[in-house]
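A structural walkthrough
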Amino acid sequence: MQTETLGVFLKTRRDRVTPDDAGLHTYGTTRRVPGLRREELAQLAGVSVGYYTRLEQDQSGTASPQVLDALARVLRLDEAETTHLHNLAHRSGLSRLSQPEPEVLAPRVSALLSSLGESVPAIVLGRRGDVLAWNRTGHALMAEHLDYDAPTHPEMRPSIPRMFFLDPLHRDLYRNWDELARIHIGYLRLTSGRYPDDAKLAELIGELTMHSREFATIWATGDVADCTSGPMDLQHPTLGTVQVDYQVWLQPDSPDHRLEVYTPRDDASRDAIALL
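Notes on the structure in this doc start here. (Residues numbered from 1 in each chain as written. Predicted model: local features only at pLDDT ≥ 70, side-chain atom pairs only at ≥ 80, totals over all residues. Heavy atoms only, no water.)

1. Here we look at the sheet that holds strand β1 (residues 122-125)
Two modes of strand pairing occur in sheets, parallel and antiparallel, and in both the strands are linked by backbone hydrogen bonds. This is how it is decided: One requirement defines pairing of two strands: DSSP has to find at least two bridges between them. Helix and strand assignments come from DSSP, with helices taken as H or I runs of at least 4 residues and strands as E runs of at least 2, each series counted from the N terminus. A fitted line through C-alpha atoms represents every axis, and for helices the fit uses only the stretch in contact; the resulting angles, taken between N-to-C directions, go from 0 to 180 degrees. Throughout, a contact is declared for two residues whenever any of their heavy atoms are within 4.5 Å.
On the basis of which strands lie adjacent, the open sheet formed by 5 strands has the order β2-β1-β5-β4-β3 and antiparallel pairing. In this open sheet, the two strands that pair with only one neighbour each are β2 (131-134) and β3 (229-236). Averaged over all adjacent pairs, the angle separating strand axes in this sheet is 25°, with direction ignored. Together, β3, β4 (240-251) and β5 (254-264) form the strand contacts of helix α10 (residues 177-194), whose direction differs from that of β3 by roughly 130°. Relative to the sheet, helix α13 (residues 267-274) contacts β4 and β5, its axis offset from that of β4 by approximately 80°.

2. Focus on the packing of aromatic side chains
Test applied: A pair of aromatic rings is counted whenever rings of Phe, Tyr or Trp (Trp by its six-membered ring) have centres within 6.5 Å, and the orientation is called stacked for planes under 30 degrees apart, edge-to-face for over 60 and tilted otherwise. For every residue, the accessible area obtained with a 1.4 Å probe (protein chains only) is divided by the maximum for its type, and the residue is called buried under 20%, exposed over 50%, and partly exposed between those limits.
By the definition in use, this model includes 6 aromatic pairs. Arranged with centres 5.2 Å apart and planes meeting at 10°, the rings of F164 and W177 form a pair that is stacked. Of the two residues, F164 is situated in helix α8 (residues 160-166) and W177 in helix α10; the sequence distance between them amounts to 13 residues. W177 shares its class with F164; the two are buried. Ring geometry for F165 and F215: centres 5.2 Å apart, planes at 85°, overall edge-to-face. Remark: F215 occurs in helix α12 (residues 213-219) and F165 occurs in helix α8; sequence separation between them is 50 residues. Both residues of the pair, F165 and F215, belong to the buried class.

3. Concerning the environment of V33
Note on placement: V33 falls in the loop between α1 (6-16) and α2 (38-45). Linking V33 and R14, residues 19 residues apart in sequence, is a C-alpha distance of 9.5 Å.

4. Notes on unusual backbone geometry
Of note in the backbone geometry, D58 takes a positive phi value of approximately 60° without being a glycine. In this structure, D58 sits in the loop between α3 (49-56) and α4 (65-74). Backbone geometry at R76 places phi at a positive 60°, although glycine is not the residue there. Its location among the elements puts R76 in the loop between α4 and α5 (79-89).

5. Some remarks on the pairing of β2
When β1 meets β2, the two strands line up antiparallel, connected through 3 bridges. Bridge pairing in β2 links L125 to V131. Between β1 and β2, which follow one another and run antiparallel, lie 5 residues, and G129 among them has a positive phi close to 85°.

6. Concerning empty space enclosed by the protein
Threshold: We place a 1 Å grid over just the protein atoms. Points where a 1.4 Å probe fits but has no way out form a cavity, open points with protein on both sides within 12 Å along at least 5 of 7 lines form a pocket, and any residue with an atom within 4 Å of a point lines it. Grid points are joined across faces, edges and corners, and a volume is the space filled by probe spheres set on the points. Residue classes follow a fixed rule: Ala, Val, Leu, Ile, Met, Phe, Trp, Tyr, Cys and Pro count as nonpolar, while Asp, Glu, Lys and Arg count as charged, and any other residue, Gly among them, counts as polar.
Tallied over the entire structure, the rule returns 1 cavity of 30 Å³ or more. Taken as a whole, the largest cavity spans an internal volume of roughly 280 Å³. Around the largest cavity, the lining comprises 22 residues; the ones closest to its centre are L125, I160, H184, C227 and E260. Within the residue set of the lining of the largest cavity, elements represented by two or more residues are β1, α8, α10 and β5. Element by element, the count of residues in the lining of the largest cavity is highest for α10, at 6 residues. Broken down by class, the residue content of the lining of the largest cavity amounts to 14 nonpolar, 4 polar and 4 charged.

7. What about the side chain of E56?
Put simply, the rule reads: Residues adjacent in sequence count toward polar contacts only when both atoms are side-chain atoms; beyond that, a polar contact is any pair of N or O atoms within 3.5 Å, and within protein one must be able to donate a hydrogen and the other to accept it.
Structurally, E56 can be placed in helix α3. In terms of polar contacts, E56 uses its side chain to reach the side chain of R14, at 2.8 Å. Setting aside residues up to four positions removed in sequence, E56 forms contacts with G7, L10, K11, R14 and R38.

8. Some points on the packing of α4 against α5
The criterion, for reference: Just so you know how the angles are binned, under 35 degrees is roughly parallel, over 145 roughly antiparallel, 65 to 115 roughly perpendicular, and the rest oblique. Note: crossing handedness is left-handed where the near helix turns anticlockwise from the far helix by less than a right angle, and right-handed where it turns clockwise.
Direction vectors running N to C along α4 and α5 enclose 140°, while the axes themselves pass 10 Å from each other. Judged by the inter-axis angle, α4 sits oblique to α5. For the element pair α4 and α5, the recorded crossing hand is right-handed. Counted together, P65, L68, D69 and A72 of α4 and T82, L85, H86 and A89 of α5 form the full contact between these two elements.

Structural data, given as structure tokens:
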């Protein structure tokens, strides 16, 4: 599966913005498109219709940052979407996919995980959502049905996106699955823009699109999201109802590696996690 292009992303974002959103008067005329027309977007962004059309058809080469920012303003993109727009624009056509080397856990991230001990459930995720490491409480909270030592073997590393969409046991863990699914997919899209030549990432997105109807439906919306913090409501097979907040810690010298920690939101959840 090829990764997303600038033109595809622009089209999905253009369909999302109505004339009313953009301050345009349609005077009751019949429209054939759900959002803005190409010529309307081009006019609002201050570019020619021909130039914008070539952008949407992936035929224009590299767009300037000023043009991209103008398009982001008209399309009402948030920070993550704007970052994704710039990432896509800085690629030259469809990227040639290549097989990356297995990810190696960054020493500083490993040291940070060790410093947490076992009182705080935590896992370290690679760029594609593979589990690179976890402490025992993180393993017991998020994937107790898997081998604790699996992350130490690159070919056996659990994939959180695969488990989230394809593993019924893991899926049943989340009571707010629908909310988290959109965040997972939005972050995968953001990552695909950063690493358009990552064949394993493209394979993962293709596999999930083929085998999960929910993934394919949400992916088709074109939504983008960063994944930094938020609520996670769990129905744990051993502990019962547990409510936690996830928080992502990043190291500037290893931005691909995300240390995700889970903190309880109430006393009952705190007592339940203490049992781990």
